[in-house]
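# Tertiary structure, described
Single-letter residue listing:
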Amino acid sequence: MKDPALWGDLRHRYESVGPRRLLALDGGGIRGVLTLGILKTIERIVGQPLCQYFDYIAGTSTGAIIAASLARGMSVADIEKFYREAGTDMFERTRFVKRLNSLYRNGPLEQKLKDVFGETADLKPGALKTLLLVVTRNVTTDSPWPISSNPDAKYNALAREDCNLCIPLWKIVRASTAAPIYFPPEVIELVPRDEKKTFVFVDGGMTPYNNPAFLLFRFATDPAYRLEWPTGERNMMLVSVGTGAAAAAGATPDDPESNMLSTGIAIPNALMYGSLVDQDINCRAIGRCTYGDEIDRELGDMIPRDAAGQPLPLDRGCGRSFLYARYNIDVSAKGLTDLGFGAREAAPAQVQRMDLATPEHIDLLVRIGEAAGRQVKPQHFGPFLPATV
């Protein structure tokens, strides 16, 4: 039984026994707009608000903005409107003399988050319509800090003076989006005027969890997090949505050595991409993949298949811990062409940028995302579609 004083209006939903559905959203700056077309298709297929369909939603960086918006009860159309109206302001550049600290001003992003989430809304169930997990990085402790709204979690006990549930939602999301160089870090006082309980946070993408999918599975099932939802292909489904990916050309055999500058610039992106793919592979190894692009030519797409190479029907169990679908967008020249966008309309180098937030570019990202939404099919959800669909 869930304590009604802790769980509030969510009590009956989470003390009932039944299949659980999880949604994980990658980071990626303004490219988060690409995910909205995929989410819009999922919303249409399941026939209900995503806060009702998904029992736990996780997000990193721009994915945290979308995850928190969904958890608050916003529709995908509402979130798209928010990005169209606020995206340019959120990425407004600082004056040149201040760029040694950060490229973008903190004020517009902070104000837009307060506008959409409210200044006082926090992680308590009264402010959220589903469970939420936001990935941040605590610079003070040099560690990833995923923050959950689960009322039963150890650091969410209301009796604690440093209870995570009491942190304003906008501030947690702002911490997750504080990309170094682009935005100033976020300082959070867990206990007012207590230096030992005051921490500096930066973008959750600076952790191994820019793709928070496998992390979300752990938070939903590991006893340490005090949910312990049952696993199994008919008990749990996890949907993971990326913000676009494309291979970057590197050194060639005729010129194998890179200079120190180019190597230093490439390292952060290489580590982030490697961690993102590793999260995806973990989910496909532990879960049963129903959809996803090829990982590489050795692993393939890791979808269970019969001897003839055909995907096994979902009513034929494989003994995995959950069903899993990974939706992403190939933003290479070929991938964009396959979606119907020519090089003049959608130059790959421009689409791949995480910081280009003009109204025209946001509109292009919306259209690319909607085209990519065609990859989402009802059969990927197996027994997890609502009975009325």
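It should be emphasised that the depicted structure is a prediction, and the values quoted were computed from it without experimental measurement.

Along the backbone of the chain there are 13 helices and nine strands. Within the chain, counting contacts between residues at least 6 apart in sequence, those at least 24 apart form 71% of the total. Here the chain displays about 18,100 Å² of accessible surface, and carbon together with sulfur accounts for 53% of that area.

Attention shifts here to the state of the cysteines. Tallied over the entire structure, the rule returns zero disulfides. Free of any disulfide, C163 has its nearest cysteine sulfur in C166, 4.1 Å distant.

Relative to each other, helix α5 (residues 62-71) and helix α8 (residues 169-176) sit at 155°, their axes nearing to 8 Å. Comparing their axes, α8 and α5 come out roughly antiparallel. For the pair α5 and α8, the crossing hand works out as right-handed. Only L169, V173 and S176 of α8 make contact with α5, whose side of the interface consists of A64, I65 and A68. A class-by-class count of the residues in the contact of α5 with α8 yields five nonpolar, one polar and no charged.

Summarising burial for helix α9 (residues 213-221): eight of the nine residues are buried, a large majority. Within the sequence span of α9, burial applies to A213, F214, L215, L216, F217, F219, A220 and T221.

If charged atoms from side chains of opposite charge come close, those side chains can pair. According to the stated counting rule, one finds 23 salt bridges in the structure shown. Across the pair E15 and R11 runs a salt bridge, and its minimum N-O distance is 3.5 Å. Here the residue E15 and the residue R11 both occupy positions in helix α2 (residues 11-15), the gap between them amounting to four residues, near one helical turn. K114 is the salt-bridge partner of E110, the closest N and O atoms lying 3.1 Å from each other. In this pair, E110 and K114 are both assigned in helix α7 (residues 106-117), four residues apart and thus about one turn of the helix distant. What you see here is one network of salt bridges that share partners, running through K40, E80, R84, E345, D363, R367 and E370.

Here the chain shows a mean pLDDT of 89. Residues at 70 or above account for 89%. Confidence drops under pLDDT 50 across residues 94-105; counting only partners more than four residues distant or on other chains, this segment forms 27 contacts.

Moving on, we get to unusual backbone geometry. Despite not being glycine, E228 has its phi angle at roughly 55°, a positive value. Residue placement: E228 occurs in the loop between α9 and β7 (236-241).

Proteins that are soluble and globular tend to have nonpolar side chains buried together. Counting residues in each nonpolar core, the largest one holds 74 residues, and the members touching the most others are L39, I42, L70, Y83 and I368. Among the elements that take part in this core, helix α3 (residues 32-46) stands out by supplying eight residues, more than any other.

What follows covers the side chain of H380. By secondary structure assignment, the location of H380 is in the segment after α13 (359-372). In terms of polar contacts, H380 uses its side chain to reach the side chain of Y327, at 2.8 Å. Ignoring any residue separated from it by four or fewer positions in sequence, one finds H380 in contact with M237, T290, Y291, Y327 and Q375.

Definitions and limits used
Residues numbered from 1 in each chain as written. Predicted model: local features only at pLDDT ≥ 70, side-chain atom pairs only at ≥ 80, totals over all residues. Heavy atoms only, no water. Helix = DSSP H or I, 4+ residues; strand = E, 2+ residues; numbered from the N terminus. Contact = heavy atoms within 4.5 Å. Areas by Shrake-Rupley, 256 points an atom, 1.4 Å probe, with all protein chains shown as cover. Disulfide = S-S within 2.5 Å. Axes fitted to C-alpha atoms, helices over the stretch in contact; angles between N-to-C directions. Parallel < 35°, antiparallel > 145°, perpendicular 65-115°, else oblique. Left-handed = near helix turned anticlockwise from the far one by under 90°. Nonpolar A, V, L, I, M, F, W, Y, C, P; charged D, E, K, R; others polar. Buried < 20%, exposed > 50% of the residue type's maximum accessible area, 1.4 Å probe, protein only. Salt bridge = Lys/Arg side-chain N within 4 Å of Asp/Glu carboxyl O. pLDDT = per-residue confidence, 0-100. Core = buried A, V, L, I, M, F, W, Y, C linked by side-chain atoms within 4.5 Å. Polar contact = N/O pair within 3.5 Å; in protein donor to acceptor, adjacent residues only side chain to side chain.

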